[in-house]
Amino acid sequence: MSELERRIVSVFLVCLLCMGVAACAAKQDSMEKIKDWEFTVIAEENVPEELLAMIEEKKAEPFKMTFQDQGFLYICVGYGTQETGGYSISVNDLYETANAIYVDTNLIGPEPEEKENATPSYPYIVIKAEFTDKPVVFD
């Protein structure tokens, strides 16, 4: 290989490396939190009927879904069938990045005295927030 060919290959490899670094930096920027989102956890009686019907169909298995209605975004997370009642769900984080909305929830188990109730339950949470057309990423 001639000296000129080596230099061309070297320049090409440096360009590829720079493009890779730039792509990684852009990806990191797109995942960086822009702002926390305000939201409301809504009670079952305030859930739109169409969404409630969808939840009813899915509640036996874990699910994650979104729903749009009248300018609002509903973010739903269900944890499937649990052997007892007494479960609760916390919202650990809901925030916006350049490309998406991220939501993180956690299922909290029942207190020991509540485990005596052997009736199955289907814990889920419905979060109501302002509408966006960004995709929702469930952590």
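You'll find the structure just up there.
Just so we're clear, the structure is a prediction, and the values are computed from it rather than from any experiment.

### A closer look at the packing of aromatic side chains
For any pair of aromatic rings, the description rests on two quantities: the centre-to-centre distance and the angle between the ring planes.
Piece 1. Evaluation of the coordinates by the stated rule reveals 2 aromatic pairs.
Piece 2. Consider the rings of Phe-67 and Tyr-74, whose centres lie 6.2 Å apart with planes at 55°: the pair is tilted. Tyr-74 shares its class with Phe-67; the two are buried.
Piece 3. Geometrically, the ring pair formed by Tyr-95 and Tyr-102 is stacked, given 5.3 Å between the ring centres and 10° between the ring planes. When sorted by exposure, Tyr-95 lands in the same class as Tyr-102, which is buried.
Piece 4. Taking the ring centre of Tyr-95 as reference, the NZ or CZ of Lys-33 above it sits at 4.9 Å.
Piece 5. The lysine or arginine in question, Lys-128, covers the ring of Phe-72, its NZ or CZ lying 4.1 Å from the ring centre.

### Brief notes about the pairing of strand E7 (residues 124-130)
Across a regular strand the side chains alternate sides, sitting on one face of the sheet and then on the other.
Piece 1. Bridge analysis of strand E2 (residues 40-41) against E7 gives 2 bridges, and the strand direction is antiparallel. By the bridge assignment, Thr-40 is partnered in E7 with Lys-128.

### Side note on the pairing of strand E3 (residues 62-69)
Piece 1. Where E3 lies against strand E4 (residues 72-79), 8 bridges are found, and the strand directions are antiparallel. By the bridge assignment for E4, Gln-68 is matched with Leu-73.
Piece 2. Here E3 folds back onto E4 in antiparallel fashion, the turn holding 2 residues, of which Gln-70 has a positive phi close to 50°.

Thresholds, definitions, all that
Residues numbered from 1 in each chain as written. Predicted model: local features only at pLDDT ≥ 70, side-chain atom pairs only at ≥ 80, totals over all residues. Heavy atoms only, no water. Phe/Tyr/Trp six-rings, centres within 6.5 Å; stacked < 30°, edge-to-face > 60°. Buried < 20%, exposed > 50% of the residue type's maximum accessible area, 1.4 Å probe, protein only. Lys NZ or Arg CZ within 6 Å of the ring centre and 35° of its normal. Pairing = 2+ DSSP bridges. Helix = DSSP H or I, 4+ residues; strand = E, 2+ residues; numbered from the N terminus.

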